[in-house]
Amino acid sequence: MTITITAFERSPDGGKGLARDTRVRWALEEAGLPYEVHLVSFGAMKEPAHLAIHPFGQIPTYEEGDLVLFETGAIVFHIAERYAGLLPKDANARARAITWMFAALNTMEPPILDLGIARIQESDKSWSKERLPLVEDRVRNRLHQLSNRLGDVDWLDGGFSAGDLMMVSVLLRLKPSGLLNEFPSLSSYVARGEARPAYKRAFDAQAAINIGP
Ligand code: GTB
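This write-up is about the structure you can find in this document. (Residues numbered from 1 in each chain as written. Predicted model: local features only at pLDDT ≥ 70, side-chain atom pairs only at ≥ 80, totals over all residues. Heavy atoms only, no water.)

Re the sheet that holds strand β4 (residues 67-70)
Sheet architecture is open: 4 strands sit in the order β2-β1-β3-β4, paired in mixed fashion. The open sheet has two free edges, formed respectively by β2 (36-40) and β4, since each of these has just one partner strand. If you compare each strand with its neighbour and ignore which way they point, the axes differ by 20° on average. Of the strand pairs in this sheet, strand β3 (residues 61-64) and β4 are connected by 4 bridges, and their pairing is antiparallel. (Pairing = 2+ DSSP bridges. Helix = DSSP H or I, 4+ residues; strand = E, 2+ residues; numbered from the N terminus. Axes fitted to C-alpha atoms, helices over the stretch in contact; angles between N-to-C directions.)

Structure (structure tokens):
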């Protein structure tokens, strides 16, 4: 059955892999699944045809036969559950990998997104200089905790899993801020994710749309 995802016709980052279709492409590449991409403009995302598949008018979406999904957590989980390569077979190890997916999305991503807003959308506000260090410290705190847990192992819980895929995807958003460099073990962790052939294929595919050949 053909899998179709949606992505930005023109990503605001110019193809640096920061838009959320990259994590879905990565999961599909890890699972060895071919997929098609339907590109949407910012205008088209708010039109009824797209709102019918994504109630919040965003990308990415995932379509497979009758199944229509939105939210990258749900999409990556769906791929990981049904196709080999992203979740361990052992039930407890599987539950722990899923826990890391939730931790990436619910504990790590919110302060990281907040930092993006503080650095870009709020930079012209009179209070920005006072607020930014507070937001940075909230991210640092989470990075410190995550770094402690990771220690000197390669992946969060045994072999690479959908938990690592999601965690690395979320941490990648920190690159422009430079904060990740304060945590060498996390920088290496992210680099290990980026070095995976499946990640490279996903990155190149989204970059090709935004940068061109
Ligand atoms: N919780 C949802 C999920 O995980 O699927 C969030 C989806 C989401 O935020 N989608 C964004 C979107 O469609 C694109 S990824 N935005 C358009 C809108 O809301 O109108 C966010 C994003 C966009 C651009 C960059 N960038 O250029 O650096 C990074 C991340």
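Digging into the pairing of β2
Examined bridge by bridge, strand β1 (residues 3-8) and β2 share 5 bridges and lie parallel to one another. Paired with Phe8 across the two strands is Val40, which belongs to β2. Where the polypeptide runs from β1 across helix α1 (residues 21-30) and back to β2, its parallel neighbour, the crossover connection is right-handed. (Right-handed = clockwise from strand over helix to strand, strands pointing away.)

A few points about the packing of α1 against helix α4 (residues 72-82)
Where α1 contacts α4, the two axes come as close as 10 Å, and the packing angle between them is 0°. Of the possible angle classes, the one that applies to α1 and α4 is roughly parallel. Mapping the contact onto sequence places Arg23, Val24, Ala27 and Leu28 in α1 and Thr72, Ile75, Val76 and Ile79 in α4. Residues belonging to the contact of α1 with α4 are distributed by class as follows: 6 nonpolar, 1 polar and 1 charged. (Parallel < 35°, antiparallel > 145°, perpendicular 65-115°, else oblique. Contact = heavy atoms within 4.5 Å. Nonpolar A, V, L, I, M, F, W, Y, C, P; charged D, E, K, R; others polar.)

With respect to the site of the ligand
By nearness alone, 14 residues border the ligand, and Asp13, Arg20, Lys46, Glu71 and Thr72 come closest of all. Between an oxygen atom of the ligand and a side-chain N or O atom of Arg20, the distance comes to 2.8 Å. Taking Lys46, its side chain carries an N or O atom lying 2.6 Å from an oxygen atom of the ligand. Within the complex, the protein chains bury 78% of what would otherwise be the 680 Å² of accessible surface of the ligand. Residues of the shell around the ligand, tallied by class, amount to 7 nonpolar, 2 polar and 5 charged. (Near = heavy atom within 4 Å. Polar contact = N/O pair within 3.5 Å; in protein donor to acceptor, adjacent residues only side chain to side chain. Areas by Shrake-Rupley, 256 points an atom, 1.4 Å probe, with all protein chains shown as cover.)

Describing the pattern of salt bridges
Considering all chains together, one arrives at 15 salt bridges under this definition. A salt bridge links Glu109 to Arg20; the nearest nitrogen and oxygen atoms lie 3.5 Å apart. Here Glu109, found in helix α5 (residues 91-121), pairs with Arg20, found in the loop between β1 and α1; they are 89 residues apart in sequence, far enough to count as distant. Of the residues examined, Glu109 reaches a relative accessible area of 7% and is grouped as buried. Residue classification places Arg20 among the partly exposed positions, given a relative accessible area of 27%. Notably, a salt bridge pairs Glu122 with Arg131, separated by 2.7 Å at the nearest N-O pair. On the accessibility criterion, Glu122 (15% relative accessible area) is buried. One salt-bridge network, held together by shared partners, links Asp114, Glu122, Arg131 and Arg138. (Salt bridge = Lys/Arg side-chain N within 4 Å of Asp/Glu carboxyl O. Buried < 20%, exposed > 50% of the residue type's maximum accessible area, 1.4 Å probe, protein only.)

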